[in-house]
Number of protein chains: 2
Amino acid sequence: MATICFAGLGAMGRPMAANLAKAGHAVHGTDVNPAALDWLKANGGTPFATAKEAAAGADALVLMVVNADQAEAVLFEAGALDALAPSAIVILCATCAPARAAAIGAKVEATQRRFVDAPVSGGVVGAEAGSLTIMASAPTSVFAAAEPILKVMGSRLFHVGEKAGDGAMVKTINQLLCGVHIAAAAEALALGERAGLDTKVLLDIYGSSAAGSWMLNNRGPRMLMDDPPVTSAVDIFVKDLGIVLDAGHSTRAPLFLAAAAHQLFLAASGMGLGSRDDSQVIEAYRAMAPKD
Amino acid sequence: MATICFAGLGAMGRPMAANLAKAGHAVHGTDVNPAALDWLKANGGTPFATAKEAAAGADALVLMVVNADQAEAVLFEAGALDALAPSAIVILCATCAPARAAAIGAKVEATQRRFVDAPVSGGVVGAEAGSLTIMASAPTSVFAAAEPILKVMGSRLFHVGEKAGDGAMVKTINQLLCGVHIAAAAEALALGERAGLDTKVLLDIYGSSAAGSWMLNNRGPRMLMDDPPVTSAVDIFVKDLGIVLDAGHSTRAPLFLAAAAHQLFLAASGMGLGSRDDSQVIEAYRAMAPKD
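Residues numbered from 1 in each chain as written. Chains lettered and ligands numbered in written order. Predicted model: local features only at pLDDT ≥ 70, side-chain atom pairs only at ≥ 80, totals over all residues.

1. Observations regarding the overall build of chain A
Basically, it comes down to this: Numbered from the N terminus, helices here are DSSP runs of H or I no shorter than four residues, and strands are runs of E no shorter than two. The quantity called the radius of gyration is restricted to C-alpha atoms. Its globule counterpart is 2.2 Å times the number of residues to the power 0.38. The burial label depends on the number of other C-beta atoms within 10 Å of a residue's C-beta. Counts of 20 or more mean buried, 12 or fewer mean exposed, and intermediate counts mean partly exposed, with C-beta atoms placed from the backbone. Two residues form a contact once the distance between their C-beta atoms, set from the backbone, is within 7 Å.
Within chain A one finds 14 helices and 9 strands. In terms of overall size, chain A behaves like a compact globule, its C-alpha atoms giving a radius of gyration of 20 Å where 292 residues would be expected to give roughly 19 Å. Here the C-alpha coordinates of chain A stretch approximately 65 × 45 × 35 Å along the principal axes. Evaluated residue by residue, chain A yields a buried proportion of 57% over its 292 residues. A separation of at least 24 residues holds for 65% of the contacts in chain A among residues at least 6 apart in sequence.

2. Let's talk about the relation of the copies chain A and chain B
The line we're drawing: To superpose the copies, least squares is applied to the C-alpha atoms of every residue with a pLDDT of at least 70 in both.
In the superposition of chain A on chain B (RMSD 0.0 Å, axial shift 0.0 Å), the rotation amounts to 180°. With respect to symmetry, the two chain copies, as superposed, fit the operation of a two-fold axis. In terms of proximity to the rotation axis, the leading residue of chain A is A:Ser213, whose C-alpha is 1.9 Å off the axis. Both copies share a contact surface, since 100% of the interface residues of chain A are interface residues in chain B too.

3. Digging into the interface of chain A and chain B
The figure often quoted for interface size is the accessible area lost as the parts come together. The partner chain B presents 52 residues to the 52 residues of chain A that form the contact. Of all the secondary structure elements, the ones that give two or more residues to the side of chain A that touches chain B are β8 (132-137), β9 (154-161), α9 (166-194), α10 (199-207), α11 (214-223), α12 (234-251) and α13 (256-273) of chain A.

4. Brief notes about the packing of α12(A) against α13(A)
When two helices pack together, their arrangement is given by the angle between the helix axes and by the axis-to-axis distance. All names here are of chain A. Heads up, the rule is: To get an axis, fit a line to the C-alpha atoms, keeping to the stretch in contact for a helix; angles then go from 0 to 180 degrees between the N-to-C directions. Our angle categories are set so that under 35 degrees counts as roughly parallel, over 145 as roughly antiparallel, 65 to 115 as roughly perpendicular, and the remainder as oblique. Crossing handedness is defined as follows: a turn of the near helix away from the far one that is anticlockwise and smaller than a right angle gives a left-handed crossing, while the clockwise case is right-handed.
Across the interface, α12 lies against α13 with an axial gap of 9 Å and an inter-helix angle of 150°. Taken together, the axes of α12 and α13 are roughly antiparallel relative to one another. Crossing of α12 against α13: the hand is left-handed. Residue-level inspection shows Val234, Asp235, Phe237, Val238, Leu241, Gly242, Val244, Leu245 and Gly248 of α12 in contact with α13, the latter providing Ala258, Ala259, Ala261, His262, Phe265, Leu266, Ala268, Ser269 and Leu273.

5. Quick word on helix α6 (residues 98-109) of chain A
Residues and elements named next belong to chain A. Applicable threshold: Expected helix span is taken as 1.5 Å per residue step, with the number of steps being one fewer than the number of residues.
The end-to-end C-alpha distance of α6, which contains 12 residues, comes to 16 Å, matching closely the 16 Å that a straight helix rising 1.5 Å per residue would cover. Every buried residue belonging to α6 is among Pro98, Arg100, Ala101, Ala102, Ile104, Gly105 and Val108, and all of these are buried. Residues of α6 that are buried in the fold lie against α4 (68-77), α5 (80-83), β5 (89-92), β6 (114-117), α9 and α12.

6. Quick word on the environment of B:Val66
Structurally, the position occupied by B:Val66 is in the loop between β4 (60-63) and α4 (68-77). Residue classification places B:Val66 among the partly exposed residues on the basis of 15 C-beta atoms within 10 Å.

7. Let's talk about the environment of A:Asn174
Along the chain, A:Asn174 turns up in helix α9. Residue A:Asn174 is classed as buried on the basis of its C-beta count, with 25 C-beta atoms lying within 10 Å. Spatially, the C-alpha atoms of A:Asn174 and A:Leu266 are 19 Å apart, while their sequence positions differ by 92 residues. Ignoring sequence-local partners within four residues, the contact set of A:Asn174 consists of A:Ser121, B:Tyr206 and B:Ala211.

8. A closer look at unusual backbone geometry
Positive phi, close to 75°, is recorded for A:Gln112, a residue that is not glycine. Considering the arrangement of structural elements, one finds A:Gln112 in the loop between α6 and β6. For B:Arg252, which is not glycine, the phi dihedral falls at a positive 55°. Within the secondary structure, B:Arg252 sits in the loop between α12 (234-251) and α13 (256-273).

9. So, the pairing of β5(A)
All names here are of chain A. Defined as follows: Two strands are said to pair when DSSP picks up at least two bridges between them. A crossover gets the label right-handed when its path from the first strand over the helix to the second runs clockwise, viewed with the strands pointing away from the viewer.
Residues of β5 alternate between two faces, with Ile89 and Ile91 on one and Val90 and Leu92 on the opposite face, all of them buried. Bridge count for strand β4 (residues 60-63) against β5 is 4 bridges, and the pairing is parallel. Across the sheet, Leu61 pairs through a bridge with Val90, a residue of β5. In the sheet, β5 pairs with β6 via 4 bridges, with the strands oriented parallel. Residue pairing in the sheet places Val90 in a bridge with Phe115 of β6. For the segment spanning β5, α6 and β6, crossover handedness is right-handed.

10. Some details on the environment of A:Glu193
Residues and elements named next belong to chain A. Position of Glu193 among the secondary structure elements: in helix α9. The spacing of Glu193 and Met225 is 32 residues in sequence and 13 Å in space, taken between C-alpha atoms. The residues touching Glu193, leaving out its near neighbours within four places in the chain, are Thr199 and Lys291.

11. Observations regarding α9(A)
Every α-helix winds through 3.6 residues per turn, so residues three or four apart in the chain are directed the same way. Residues and elements named next belong to chain A. Taking 1.5 Å of rise per residue, 29 residues should cover 42 Å, and α9 covers 42 Å from first to last C-alpha, within 8% of that figure. Among the 29 residues of α9, 29 are classified as buried, and the element is accordingly described as predominantly covered. At the C-terminal side of α9, Gly196 shows a positive phi close to 80°.

12. Section: the confidence of the model for chain A
Note the cut-off: Predictor confidence is given residue by residue as pLDDT, running from a minimum of 0 to a maximum of 100.
Across chain A, the average pLDDT comes to 97, with 100% of residues at or above 70. Across the interfaces of the predicted complex, the ipTM metric reaches 0.95, alongside a pTM of 0.95.

13. A closer look at the pairing of strand β8 (residues 132-137) of chain B
Residues and elements named next belong to chain B. Counted residue by residue, β8 has 6 buried out of 6 residues, so it is predominantly covered. Every second residue of β8 is oriented toward a common face, with Leu132, Ile134 and Ala136 on one face and Thr133, Met135 and Ser137 on the other, all of them buried. Where strand β7 (residues 120-121) meets β8, 2 bridges bridge the pair, whose relative direction is antiparallel. When the bridges of β8 are listed, Val120 appears paired with Ile134. Sheet topology places β8 next to strand β9 (residues 154-161); 6 bridges connect them, and they run parallel. By the bridge assignment for β9, Ile134 is matched with Leu157. A crossover connection joins β8 to the parallel β9 through helix α8 (residues 140-153); in handedness this β-α-β unit is right-handed.

Next up, the structure:
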């Protein structure tokens, strides 16, 4: 069993850290939010006030922070990287642009430590169940060394490449599909409303047909609610589709649909809906083509 | 049991007509292709050389032709409408623009005959199994009168509205989702290729996750084949997304994703791939961002 520094005890990070503790690892947690540290203490881990203290001598560092900026802050500014055991494995789970993940990996490897680019998907539900999808890239031997830790957090574990950035690119393309599918569902349902159709019937027809998508079935019903619960915010897709477009930009690959979808999430955010459920991107369509 | 005139004995029309004959109806078939008439004779129906003869005194007319132009040619130019029994039901199954379906319905009803706007989805497989999805609009009493015939052809029968054009609009939105999802799958897989990732693994990851769509799972594998079988052609989506955009135009509803997807199908068609499988829309992306 390893000593694992866990940075980023948010909605997903908490159950991931708790699952690692339950599996018998010594989980040394760190987060800027004191409530998160209290939570960790009550759930099998050991909280530390600073990332450097949490990382001291640890065999592995899991970064479940919000973005690349925060990952760099923990690793390089707060001094976690240099505090780790000499051959420790750094596992980057945050959703980062591929170029950023690659750059972070290079700086980690320059200290002789090992790096796994390992973004996840599956949300809080998957994090709690330990059933996340993990899209990991690393040299084969490093992937093998990290596998026991990764398997505690996710049940769908894919080794998608040898180099840092590959994992981030797989997650980026995942977000491309998710974002476009949400916007497509909004475009379809808004047109149905505009045409005076019963949109509940539309969801019933399309959801189980060739027109269906996971997002249509999941977000579609929330598009028809007045004030749906927030499972993931509009501004998350403003950020993630931004990463998608950056990846297309840097690889010189035009992404027509992702670019259009990004504009719609931006519009919804500009309408003041950034912190609302991402299904509310439909409000951008409704603003332009209201129901009679 | 009714006498049913069936116009349009193509790949889907043949099994639909055969299922009606199997159910005990007298099926009077008509098609411009003589081979289709021979096929019908061998499969329980009675072929006629002209639409007018096939329609003479029939209780119902099923139009499974390619588009609104062909439906109008059968009904109005070939004289099928006036040849039908006085209170016959005309069932329009072709994919038509909502405004066109509404106009056809008005002309049918002007002769005191009844009209059901009843586009279908489910492809040849669904047509053979009698398991098509049928998105039907008509006054409730007319829908009820047509139901015994519709139920022979489809197992997922929805009464989506009272007026002609509603069924066509539901099918139009269905095609919006299908077309955008195919183009999104192409955009995602082409970016994966460009980034040097294993696209078979990508399909495995995304297909059963929040990034998944029916089209990703169905067309995705064919996007990775050199010369896939044609289940539906690129030019079908050039046509259908054209209908989608016309519907958006006439209702003044902007359709950003459908418009972008249409451009990509047009590009693939312009590359000479119009009769290839619609999965080959990915070639438009590959042309712009080739794999290294």
